[in-house]
Amino acid sequence: MARNLGFLLVIQALLLGLAAADWNILNQKKAKYGLQITLKNYCESWRMNVELHNIRDFDVVPEECVQYIGKYMTSTQYKVDSERTVDECTVYLSTSCGLKKDGTDAWIFDIDDTLLSTVPYYKKNGFGGKKLNSTCLEEWMQQGKAPALEHSLRLFNQLKGLGVQIILVSSRRECLRSATIDNLVDVGYHGWTSLILRGADDENKDIQKYKADVRKQLMSSGYRIWGILGDQWSSVEGLPTVKRTFKLPNPLYYVA
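Since the model is a prediction, treat every value here as computed from it, not as a measurement. Every chain is numbered independently, its residues counted from 1 as its sequence is written. Confidence filtering applies because this is a predicted model: local features only for residues at pLDDT of at least 70, side-chain atom pairs given and counted only at 80 or more, and all residues used for totals across whole chains, interfaces and linings. In computing side-chain properties, one takes all heavy atoms of the structure into account and sets aside hydrogens as well as water.

## Side note on unusual backbone geometry
Consideration 1: Following Leu239, the chain continues into Pro240 via a peptide bond in cis, with omega recorded as 0 degrees.
Consideration 2: The backbone phi angle of His53 is positive, close to 70 degrees, even though this residue is not glycine.
Consideration 3: Strands are runs of DSSP state E lasting at least 2 residues, helices are runs of H or I lasting at least 4, and numbering of each runs from the N terminus. By secondary structure assignment, the location of His53 is in the loop between helix H3 (39-51) and helix H4 (66-73).
Consideration 4: Positive phi, close to 45 degrees, is recorded for Phe127, a residue that is not glycine.
Consideration 5: Note on exposure labels: buried denotes an accessible area under 20% of the residue type's maximum, exposed denotes more than 50%, and partly exposed covers the range between, all computed with a 1.4 Å probe on protein chains only. A relative accessible area of 14% places Phe127 in the buried class.

Now the structure itself:
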C-alpha cells in the first residue's frame, strides 16, 4: 500500500511539473486572444513595443526573449533597420534643412549604440538578459574596443562635409573621456566640435534631464540644432526640443 501510494505521488509530481512547464507566457496569450502565438511572435511584439516606447523602464530583456534579441542585434535586419534610420536623416538633410552655414548649424549624436556599438559587450553578458553591471561595462569601455556603426559614421562624415557642427552628448562619465576619444578616433570618427560627458554635477540627474539641460545650454549659446540621432528615448525627449529627432533600434537596455 505504501509503495503504491509513493508511486502515485511521484507520478502526480511529474504531471504537475509538466503542467507548470507548459504554463508559460505563450499559453497565457493564447488563452487571452485565442491566437496561435509563437515565441518569435511574442518576442517580436515585445521588441516592437520597446521601440514604440510603449514598454519602458525595463531592467532586463524577458528571459524567453533573450535568444531572439541576441539574434536580432547580430542580424542583417538590425543593420537594415539602422540604415533606414540614417537614410531618413539624409533625406531630411537634403529636403528640409536650410543650413545657414554661419557656424551655428549643429547636430547632436549620442555615442553608445549610436556611433559605437556595445553589442560585443552584451554578446558576452547575456544580450540584456542580466541586470546591467555598470562597473563591468565601464571597464569594457576603458579598453576602447567598441566598433563603429558604419551607417552612423557615414552620416557623421556627411554632416561634417556640410559644415555642420557635430556635438557628441553621452551619458558616459567624465572619467571615460580619454578612452572614448581614443576609441572614436581609432574607428574613424574625428573632427567633432564638442564631446560632452557627465560630470560630477550630473551624477544625480536622470539621463533625460541631463541631456535636455545640455541642449538648453547649447541653444542658449546660439547653436541651431537641426537634429539628434540616438538609440534611447532619453536622448531625444524633454525640453527644449530640436527640429527633428531620429532613433536607432536598441532593445538591449533602457536608459531613462
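On we go.
## A look at helix H10 (residues 207-220)
Owing to its 3.6 residues per turn, the α-helix brings residues three or four apart onto one side.
Consideration 1: Multiplying 1.5 Å by the residue count of a helix minus one yields the expected span of that helix. Taking 1.5 Å of rise per residue, the 14 residues of H10 would be expected to cover 20 Å, and the 20 Å separating its terminal C-alpha atoms lies within 8% of that figure.
Consideration 2: Turning to H10, its buried residues number three or more, namely Ile207, Tyr210, Lys211, Ala212, Asp213, Val214, Arg215 and Leu218.
Consideration 3: Residue contacts are defined here by distance: any two heavy atoms, one from each residue, within 4.5 Å place the two residues in contact. At its buried positions, H10 is contacted by strand S1 (105-109), strand S2 (165-173), strand S3 (194-198) and strand S4 (224-230).
Consideration 4: Where H10 ends, the next residue or the one after it, Gly222, has phi of about 105 degrees, a positive value.

## Things to note about the state of the cysteines
Consideration 1: The disulfide criterion used throughout: a pair of cysteine sulfur atoms within 2.5 Å. Counting across every chain of the model gives one disulfide.
Consideration 2: Linked covalently through their sulfurs, Cys43 and Cys65 form a disulfide whose S-S length is 2.2 Å. Disulfide Cys43 to Cys65: torsion about the S-S bond roughly -90 degrees, handedness left-handed. Of this pair, Cys43 sits in helix H3 while Cys65 sits in the loop between H3 and H4; the two residues are 22 residues apart in sequence, bridging distant segments of the chain. Cys65 carries the same exposure label as Cys43, and that label is buried.
Consideration 3: Cysteine Cys97 remains unbridged, with the sulfur of Cys89 as its closest cysteine sulfur at 9.6 Å.
Consideration 4: Take Cys97: its relative accessible area is 13%, and that puts it in the buried class.

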